[in-house]
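Chain residues, written in single-letter form:
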Amino acid sequence: GLELSHCVGANSLGPAVPWKSGGPCKMKRVRTVFKPEQLERLEQEFLKQQYMVGTERVDLAATLHLTETQVKVWFQNRRIKWRKQSMEQKAAKLSQFGVIQPATADSTDIKEHEEDTVDVEL
């Protein structure tokens with residue numbers, strides 16, 4: 001679920017440490033562990049369409065007993081994984097034919113899709 005763990009500190013066994021001096025503790029979300037059936041269905045939907053929005057996302061979340069945010073973040077992370085795999089396959093094909101990709105091409109592709117980068121794990 002979406003439970004929050006204790007404050008993040010230098011030593012998990014020690015007392016809670018404020019994230020910034022005088023500020024509140026930084027709460028760390030517990031990572032969602034998806035059931036195999038949920039992952040299978042999410043993957044099936046991803047194969048149909050890489051973007052899940054609106055009522056489709058609400059319906060899928062309800063069907064899988066997940067929150068809409070969990071489904072949204074799963075799709076965002078899956079798109080990132082898909083792009084990375086696509087770039088690796090493209091690079092492998094090009095190297096097979098002796099074509100070398102410039103190093104800047106990968107960083108350009110990633111920067112174009114920064115809106116999908118998610119730092120929060122649910």
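If you're wondering where the values come from, they're calculated on a predicted model, not measured in any experiment.

Scoring rules and cut-offs
- Residues numbered from 1 in each chain as written.
- Predicted model: local features only at pLDDT ≥ 70, side-chain atom pairs only at ≥ 80, totals over all residues.
- Heavy atoms only, no water.
- Phe/Tyr/Trp six-rings, centres within 6.5 Å; stacked < 30°, edge-to-face > 60°.
- Helix = DSSP H or I, 4+ residues; strand = E, 2+ residues; numbered from the N terminus.
- Buried < 20%, exposed > 50% of the residue type's maximum accessible area, 1.4 Å probe, protein only.
- Axes fitted to C-alpha atoms, helices over the stretch in contact; angles between N-to-C directions.
- Parallel < 35°, antiparallel > 145°, perpendicular 65-115°, else oblique.
- Left-handed = near helix turned anticlockwise from the far one by under 90°.
- Contact = heavy atoms within 4.5 Å.
- Expected span 1.5 Å × (residues − 1).
- Arc of directions from axis to C-beta.

Visitor: How should I be thinking about the packing of aromatic side chains in this particular structure?
Guide: Given two aromatic rings, one states the distance between the centres and the angle between the planes to describe the pair. This model, assessed by the stated rule, comprises 4 aromatic pairs. Note on Phe46 and Phe75: the rings are 6.1 Å apart at their centroids and 50° apart in plane angle, and the pair reads as tilted. Separated by 29 residues along the polypeptide, Phe46 in helix α1 (residues 36–48) and Phe75 in helix α3 (residues 68–96) bring together distant segments of the chain. For the pair shown, Phe46 and Phe75 are each scored as buried.

Visitor: Where do I start with the packing of helix α2 (residues 54–64) against α3 in this structure?
Guide: Relative orientation and spacing of two packed helices are given, respectively, by the angle between their axes and the distance between those axes. Between α2 and α3, whose axes approach to 8 Å, the crossing angle comes to 110°. Relative to α3, the element α2 is oriented roughly perpendicular. In the packing of α2 onto α3, the handedness of the crossing is right-handed. Contact with α2, carried on its side by Gly54, Arg57, Val58, Leu60 and Ala61, involves Glu68, Val71, Lys72 and Phe75 of α3 and no other residues of that element.

Visitor: Looking at this structure, I do not really get α1. What am I missing?
Guide: For an α-helix, the turn length of 3.6 residues means that residues three or four places apart are oriented alike. Compared with the 18 Å implied by 1.5 Å per residue over 13 residues, the 19 Å span of α1 between its first and last C-alpha is a close match. Listed as buried for α1 are Gln38, Leu42, Glu45 and Phe46. Axial view of α1: buried residues confined to an arc of 105°, hence all on one face. Relative to its buried face, α1 has exposed residues pointing more than 90 degrees away, namely Pro36, Glu37, Glu40, Leu47 and Lys48.

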